[in-house]
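# Examination of the molecular architecture
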Amino acid sequence: MNPEPFLQLDRVIHEKGRLAIMSMLAASPELSFTELRDALTMTDGNLTTHIRALQQEGYVAVAKSYQNNRPLTTCSLTPTGRKAFAEYINLLEQIIRQTKK
Amino acid sequence: MESNWAVEHLQTIRTLMERSAIYRRALAPIMLFVGALGLAGGVAGVALRVESMHAFGLFWLGIAAAAVIGAFLLARRQALKERETFWSPPTRRVAQALLPALFCGLCMSLVLVLVDDDDLLPLFVILCILFYGCSLHAAGFFMPRGMKLFAWGLIGGGLLLLIWAAQDPAAPAHTGHLLMGFFFGLLHLAYGAYLYLTEKRKTAA
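Below is a summary of the structure that appears in this document. These figures come from a predicted structure and were not determined experimentally.

Turning our attention to the environment of T175 of chain B. Mapped onto the elements, T175 of chain B comes out in helix α7 (residues 173-204). Between the C-alpha atom of T175 of chain B and that of V125 of chain B, which follows or precedes it by 50 residues, the distance is 9.8 Å.

Now the structure itself:
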């Protein structure tokens, strides 16, 4: 079996928590911090750390605004993040195809 | 081995993406429409003296049918306006979640209509509220979190009515119309107004 696709998997996305965040954001134009936290049952600290890692990689954009006079943090995938996520999925599919042969 | 791992990963991603694709389509206008219809139904029911179980059941089933058709058309109109697929995966999942409880509620309601015993009128009202609350709660998994709270409100209200009906089973028909008007009219209008205002603020932010 060719180990190439596995080695090419994006290590930043490959982590379980970050993959979950990327998956959620890939299906929505944007999600609030609380929506992500509740859906993924993560702690505030854990989610912040993962989002920061994704932000540093340029995969996720974070916007801060106000709703009902309360701060609202929303996250969305950047075009780079969307591309990286699509590549990650492609590689997973490639791995499945290879092992089925 | 690696294939299994990759398949599991893809499955997880798919589940998360489906969960994330929250159904936000036209909820506020749908709630306002259903609320207005429910309120009008409650007022009309009292004014027109729709009192026998048979007439009461058919009257409210007709209003429910009009509400479903109206909600469908509103959602479709929004999809067309935004050039989106109407029968998208989130829409499909919401419909699938809504259907079992709605179908059970419809069957129970039809049985009560066919039995045509006026003493069963309070039961008809309670079953409608409870099954509708359960179906909204099931669909609430794919909607903003407030929907689940709204559904719990309906279920709680239905259960309170059940306790009340057990103590006073011979409630008059006009009380049934008022209760239907309250639960399917006023509560929906209030929730619709809340959604409308919060969505507007969100857009403004």
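Right, picking up where we left off after that structure.
Further remarks concern the nonpolar core. All names here are of chain B. Of all hydrophobic cores here, the largest spans 46 residues; its most connected members are V125 and I129. Those elements that provide at least two residues to this core are α2 (27-47), α3 (53-81), α4 (89-115), α5 (121-139), α6 (146-167) and α7. Here this core takes 12 residues from α5, the largest share from any one element. Among all residues touching V125, those that are not within four sequence positions of it are L161, G176, L179 and M180.

Before going further, it helps to spend a moment on the packing of α2 of chain B against α3 of chain B. Residue and element names in this part refer to chain B. Where α2 contacts α3, the two axes come as close as 10 Å, and the packing angle between them is 160°. As far as their axial angle goes, α3 and α2 are roughly antiparallel. Note on packing geometry: the crossing formed by α2 with α3 is right-handed. Seen from α2, the contacting residues are P29, I30, F33, V34, L37, G38, G41 and G45; seen from α3, they are F59, W60, I63, A66, A67, G70, A71, L74 and A75. For the contact of α2 with α3, the residue count by class is 13 nonpolar, four polar and no charged.

Each value, and the rule that gives it
Residues numbered from 1 in each chain as written. Chains lettered and ligands numbered in written order. Predicted model: local features only at pLDDT ≥ 70, side-chain atom pairs only at ≥ 80, totals over all residues. Helix = DSSP H or I, 4+ residues; strand = E, 2+ residues; numbered from the N terminus. Core = buried A, V, L, I, M, F, W, Y, C linked by C-beta atoms within 7 Å. Buried ≥ 20, exposed ≤ 12 C-beta atoms within 10 Å, placed from the backbone. Contact = placed C-beta atoms within 7 Å. Axes fitted to C-alpha atoms, helices over the stretch in contact; angles between N-to-C directions. Parallel < 35°, antiparallel > 145°, perpendicular 65-115°, else oblique. Left-handed = near helix turned anticlockwise from the far one by under 90°. Nonpolar A, V, L, I, M, F, W, Y, C, P; charged D, E, K, R; others polar.

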